Amino acid sequence: AAGKEEEEEDEDEDGLPIVRNEDGEVEYAPQPAPYDSAELAEVQSLLRGEDTADDASRWKPLALPPPPQGGGARRVPAPLLGDLLYVAGVLRAFGRQLGLGEVRVDALDAALGGGATTALAMRLHVSLLRLLFEPSAALARSHPAFCHALRNLSALTWAEALAEALLRLADGQATAELALAVRGLRSGEYHTLPPERRVLAARLLAERAAEHPSLRASLERRAEWYEAHDWAWEPAMLLGRLQCWPPHRLLRWEPLGRDRHGRVYWLLDGYLWVQRRDASATDEAADPSLSGGRPGAGVPGVATVRYGGEDLQA
């Protein structure tokens with residue numbers, strides 16, 4: 001047959017689709033547009049401001065996944081749900097690079113707020129410590145105990161290494177809560193720390209990880225893959241299609257949308273998370289964007305959690 005040999009799609013180390021062309025060269029494989037021409041026309045009319053309240057009836061309701069079994073009650077206190085989602089966003093987006101795989105928010109909630117030290121609690125801290133600190137000869141001379149703990153990270157040594165890492169990341173400006181977290185790690189077991197201090201430690205590590213050159217390089221490769229597509233991304237986001245993609249293929253964690261009250265809606269692990277503005281939030285609703293990488297970026301005012309399909313309180 002004289003036809004062109006069919007290209008076989010594979011994935012690179014970042015989980016991005018690639019193909020090998022007829023010359024044997026590896027190229028990014030663009031995905032087909034996640035909408036049809038009729039859907040695109042509808043969204044474009046909405047973006048142009050041509051949609052009216054009467055026309056809204058033609059929009060299909062968003063199909064939410066069924067609620068997870070046995071979930072709902074959070075171990076992490078409600079004021080810290082924004083921090084929980086930020087940490088979850090970083091770990092999910094870079095799960096391949098960190099060797100963690102898929103991190104579910106229920107498991108992370110148990111790790112940071114439960115009454116026992118879970119396997120995930122140890123794995124996520126060990127992975128982040130290995131990313132952020134190199135047990136070099138210089139570190140061995142200046143901080144021999146810390147360097148030894150880094151070289152021998154295990155169930156017995158990771159909490160000790162975490163305590164020293166928190167002090168180094170604070171760079172001499174540790175808050176009172178962070179100092180108490182360090183003291184607790186040095187004098188007791190990880191799970192005896194209050195959830196507030198466990199979340200604080202995980203948040204600090206996640207913020208620094210989001211700025212790490214290796215993870216920034218991963219985001220740059222995702223941007224290159226994005227550029228291989230010739231369809232519009234905004235309609236796909238407005239239709240809720242990008243939110244269904246694997247997190248390791250996204251440049252940022254996109255919300256489902258916003259309502260007239262300023263609330264932002266996020267879909268994660270079968271839960272519909274509702275974020276509202278509060279007194280501590282800025283004028284613009286902050287999002288857990290992974291493209292900013294700036295300390296302090298998070299999800300303020302996460303006030304309610306509802307299962308998919310349930311009515312939301314006004």
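Going by the structure above, here's the rest.
Within each chain, residue numbers correspond to sequence positions counted from 1 in written order. Per-residue local features of the predicted model are confined to residues with pLDDT of at least 70, and side-chain atom pairs are confined, for both listing and counting, to 80 or more; whole-chain, interface and lining totals are unaffected and use all residues. Excluded from the side-chain calculation are hydrogens and water; included are all heavy atoms of the structure.

## Focus on the packing of helix 2 (residues 81-93) against helix 4 (residues 105-113)
Axis definition: a line fitted to C-alpha atoms, over the contacting stretch in the case of helices. Angles run 0 to 180 degrees between N-to-C directions. Think of it this way: any DSSP run of H or I at least four residues long counts as a helix, any run of E at least two long counts as a strand, and we number them from the N terminus. Relative orientation of the contacting elements helix 2 and helix 4 amounts to 120°, with a least axis distance of 10 Å. By the angle class used here, helix 2 and helix 4 are oblique. In the crossing of helix 2 with helix 4, the sense of the turn from one axis to the other is right-handed. Taking contact as the criterion, the partners of Leu84, Leu85, Val87, Ala88 and Leu91 in helix 2 are, on helix 4, Val105, Leu108, Asp109 and Leu112. Along the lines of polarity and charge, the residues of the contact of helix 2 with helix 4 split into eight nonpolar, no polar and one charged. Reported orientations rely on four angle classes, namely roughly parallel under 35 degrees, roughly antiparallel over 145, roughly perpendicular from 65 to 115, and oblique for the rest. By convention the crossing between two helices is left-handed if the near helix lies anticlockwise of the far one by an angle smaller than a right angle, and right-handed if it lies clockwise. The contact definition used throughout considers only heavy atoms, calling two residues in contact when any of these lie within 4.5 Å. Classes in brief: Ala, Val, Leu, Ile, Met, Phe, Trp, Tyr, Cys and Pro nonpolar; Asp, Glu, Lys and Arg charged; the others, Gly included, polar.

## Focus on the pairing of strand 6 (residues 271-275)
Buried means the residue's accessible area, taken with a 1.4 Å probe over protein chains only, is under 20% of the maximum for its type, while exposed means over 50%, and partly exposed covers the values in between. In terms of residue burial, strand 6 counts as a mostly covered element, since five of its five residues are buried. Alternating positions in strand 6 separate into two faces, Tyr271, Trp273 and Gln275 on one and Leu272 and Val274 on the other, with burial throughout. Should DSSP find at least two bridges between two strands, the strands are regarded as paired. Looking at chain direction, strand 5 (residues 264-268) and strand 6 are connected through five bridges and run antiparallel. The residue bridging Leu268 from the neighbouring strand is Tyr271, located in strand 6. Linkage of strand 5 to strand 6, two consecutive antiparallel strands, is achieved through a turn of two residues, within which Asp269 is found at a positive phi near 55°.

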